[in-house]
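Chains, contacts and geometry: an overview
Residue-level listing of the chains:
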Amino acid sequence: EHPELQVVICTAYSDYSWEDMVRQIGRTSSMVVLKKPFDNIEVLQLAHALTEKWRLGIEVTARISELDSRVEERTAELSKANESLKREIAERLVIERELLNSEERFSKAFNANPIPLAIKTLDDEAITNCNRGFLELTGYSQSEIIGQTVVKLGLFVEPGQVDAIRAGIHAGQVYRNLACQIRTKTGDIRDILLSVETINLSGRPHLLATLEDVTEQLQLERQLRHSQKLEAVGQLAAGIAHDFNNMLTVIQGNASLILTDNPSPADRPLLESILRSGQRSAKLV
């Protein structure tokens with residue numbers, strides 16, 4: 001009914017191992033079996049970890065759903081603009097007026113698009129145009145971008161990616177959602193999905209680059225993985241405490257039995273010391 005809920009089963013039964021329980025109920029990351037005895041602080045830490053995992057899971061799901069919806073909408077807008085642009089470029093070979101109209105319509109769609117976009121020439125790779133989304137993502141102004149190359153700007157964290165993309169483009173390859181990292185003007189590192197394709201503008205080949213910022217999405221995924229690690233640590237701590245308590249029970253029980261059997265005066269202080277140490281160890285656990 002509610003698979004996102006986190007369940008903790010507290011039990012005093014120790015006849016079944018974790019593997020036996022998994023065979024009976026199936027493996028799931030949403031359930032933890034906590035064997036008695038256990039410490040309240042351990043239970044509280046486990047509760048905090050599971051609650052954080054539950055919260056992050058819901059947050060990640062909602063964020064991913066929102067991002068997927070935005071990507072679909074923006075991709076549809078960009079695809080529509082690209083199709084319109086290609087038709088206009090073909091028509092300009094016949095009628096010069098249609099060429100001017102097509103470039104004007106593309107310019108409006110390009111500048112109004114919320115997705116970061118940039119256009120650069122294919123030969124010298126100088127940036128000829130970029131929209132507001134691109135400026136907001138990189139932190140540069142229009143005058144700082146136009147006429148520059150991504151190499152001179154130091155935009156890519158890994159400069160080798162620029163060479164690889166250049167070679168692929170000249171080989172006829174089209175890039176879709178290529179994972180990259182860029183460095184903004186302030187030095188911040190942003191994770192993006194880069195798409196690059198060849199277009200013709202004013203009779204010259206250009207490259208249209210689309211950048212989708214996924215930094216926040218990746219951060220949420222990393223937080224979820226960290227929460228899962230905390231959950232595993234809680235399970236390990238509970239298991240160690242349970243096993244150590246079992247050993248202390250044997251030590252304290254045997255020491256108590258010998259003390260009730262009227263040991264010799266020389267042995268009594270030693271037995272009482274063993275018993276006191278066992279009791280202190282139990283409190284420490």
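These figures come from a predicted structure and were not determined experimentally. (Residues numbered from 1 in each chain as written. Predicted model: local features only at pLDDT ≥ 70, side-chain atom pairs only at ≥ 80, totals over all residues. Heavy atoms only, no water.)

**Details of the side chain of Ser195**
For clarity, the cut-off: Secondary structure is summarised from DSSP: a helix means a run of H or I of at least four residues, a strand means a run of E of at least two, and numbering begins at the N terminus for each. In protein, a polar contact means a hydrogen-donor-capable atom and an acceptor-capable atom, both N or O and within 3.5 Å, with residues adjacent in sequence counting only if both atoms are side-chain atoms; elsewhere, any N or O pair within 3.5 Å suffices. Only heavy atoms matter for contacts: two residues are in contact if any of them lie within 4.5 Å across the pair.
The topology assignment puts Ser195 in strand β6 (residues 189-201). Among the polar contacts made by the side chain of Ser195, one reaches the main-chain amide nitrogen of Asn177 at a distance of 3.1 Å. Not counting chain neighbours up to four residues away, the residues in contact with Ser195 comprise Tyr175, Arg176, Asn177, Leu208, Ala209 and Thr210.

**Topic: the side chain of Thr121**
The test is simple: For each residue, the accessible area found with a 1.4 Å probe, counting protein chains only, is set against the maximum for its type, and the residue is called buried under 20%, exposed over 50%, and partly exposed in between.
Checked against the element boundaries, Thr121 lands in strand β3 (residues 117-121). Taking relative accessible area as the criterion, Thr121 reaches 4% and is therefore assigned buried. For Thr121, the side chain forms a polar contact with the side chain of Asp123, separated by 3.3 Å. Non-local contacts of Thr121, meaning those with residues more than four positions away in its chain, are made with Ala126, Thr128, Arg204, Pro205 and His206.

**Observations concerning the confidence of the model for the protein**
Inclusion rule: For every residue, the predictor states its confidence as a pLDDT score lying anywhere from 0 to 100.
The share of residues in the protein with pLDDT of 70 or more is 93%, and the mean pLDDT across the chain is 84. Taken element by element, the predicted model of the protein shows its lowest mean pLDDT in helix α3 (residues 96-112) (67) and its highest in β3 (90).

**With respect to the pattern of salt bridges**
Close approach of charged atoms allows side chains with opposite charge to pair. Using the following cut-off: Think of a salt bridge as a Lys or Arg side-chain nitrogen and an Asp or Glu carboxyl oxygen that are within 4 Å of each other.
Tallied over the full model, the rule gives 12 salt bridges. Across the pair Arg63 and Glu216 runs a salt bridge whose closest N-O atoms are separated by 2.8 Å. Within this pair, whereas Arg63 is found in helix α2 (residues 40-92), its partner Glu216 is found in helix α8 (residues 215-259), the two being separated by 153 residues in sequence. You can call Arg63 buried: its relative accessible area is 18%. Between Arg166 and Asp163 there is a salt bridge, with its nearest N and O atoms 2.8 Å apart. With Arg166 and Asp163 both in helix α7 (residues 159-170) and three residues apart, the pair spans about one turn of that helix. Relative accessible area serves as the criterion here: at 28%, Arg166 is assigned to the partly exposed category.

**Observations regarding the pairing of strand β7 (residues 204-213)**
Selection rule: Strand pairing requires that DSSP identify at least two bridges connecting the strands.
Where burial is concerned, most of β7 is hidden: seven out of the 10 residues are buried. Note: β3 against β7, five bridges, orientation antiparallel. Residue pairing in the sheet places Leu117 in a bridge with Thr210 of β7. Of the pairings in the sheet, the one linking β6 to β7 comprises 10 bridges and is antiparallel in character. Note on β7: the bridge partner recorded for Ser195 is Thr210. Between β6 and β7, which pair antiparallel one after the other, the connecting turn spans two residues, and Ser202 there sits at a positive phi close to 55°.

**Points about α8**
The condition is simple: What a helix is expected to span follows from its residue count: subtract one and scale by 1.5 Å.
Between its first and last C-alpha, α8 extends 66 Å over 45 residues, near the 66 Å set by a 1.5 Å rise per residue. The complete set of buried residues in α8 reads Thr215, Leu220, Ser227, Glu231, Ala238, Ala241, His242, Asn245, Leu248, Gln252, Ala255 and Leu259.

**Re the sheet that holds strand β5 (residues 175-183)**
The condition is simple: Axis lines are fitted through C-alpha atoms, for helices just across the contact stretch, and the angle between N-to-C directions can take any value from 0 to 180 degrees.
Ordered by their spatial adjacency, five strands build an open sheet running β4-β3-β7-β6-β5, and the pairing between neighbours is antiparallel. Strands with a single pairing partner mark the edges of an open sheet, and in this sheet they are β4 (127-130) and β5. On average, adjacent strands in this sheet sit at an angle of 30° to one another, irrespective of strand direction. In the packing of α7 onto the sheet, the strands contacted are β5, β6 and β7, and the crossing angle to β5 comes to about 155°.

**Here's the deal with a negative patch on the surface**
How we decide: Exposure above 30% relative accessible area and no salt bridge define the residues that can form patches, which grow by joining like charges within 9 Å and nonpolar side chains of Val, Leu, Ile, Met, Phe, Trp and Tyr within 5 Å. Using a 1.4 Å probe, accessible areas were evaluated by the Shrake-Rupley method; residue-level cover was limited to the displayed protein chains. Two residue types count as positive, namely Lys and Arg, and two as negative, namely Asp and Glu; His and chain ends fall outside the count. By convention, charge coordinates are those of NZ in Lys, CZ in Arg, CG in Asp, or CD in Glu.
Negative charge collects at one region of the surface, where Asp68, Glu72, Glu73 and Glu77 lie side by side. Relative to the helices and strands, Glu73 resides in helix α2. We classify Glu73 as partly exposed; its relative accessible area is 48%.

**Digging into the environment of Thr149**
In this fold, Thr149 is placed in the loop between α5 (142-145) and α6 (150-153). Placed 29 residues apart in sequence, Thr149 and Lys120 show a C-alpha to C-alpha distance of 8.2 Å. Thr149 has contacts with Asp124, Glu125 and Ala126, leaving out every residue within four places of it along the chain. For Thr149, the side chain forms a polar contact with the main-chain nitrogen of Lys152, separated by 3.2 Å.

**Examining the nonpolar core**
Rules: Here, nonpolar core refers to any group of buried Ala, Val, Leu, Ile, Met, Phe, Trp, Tyr and Cys residues whose side-chain atoms link them within 4.5 Å.
Ile145, Leu194 and Leu211 are the most contacted members of the largest nonpolar core, which totals 25 residues. Looking at this core, the elements with two or more residues in it are β4, α4 (132-138), α6, α7, β5, β6 and β7. Listed in part, the 10 residues of the second largest apolar core include Ile119, Ile199, Leu201 and Leu208.

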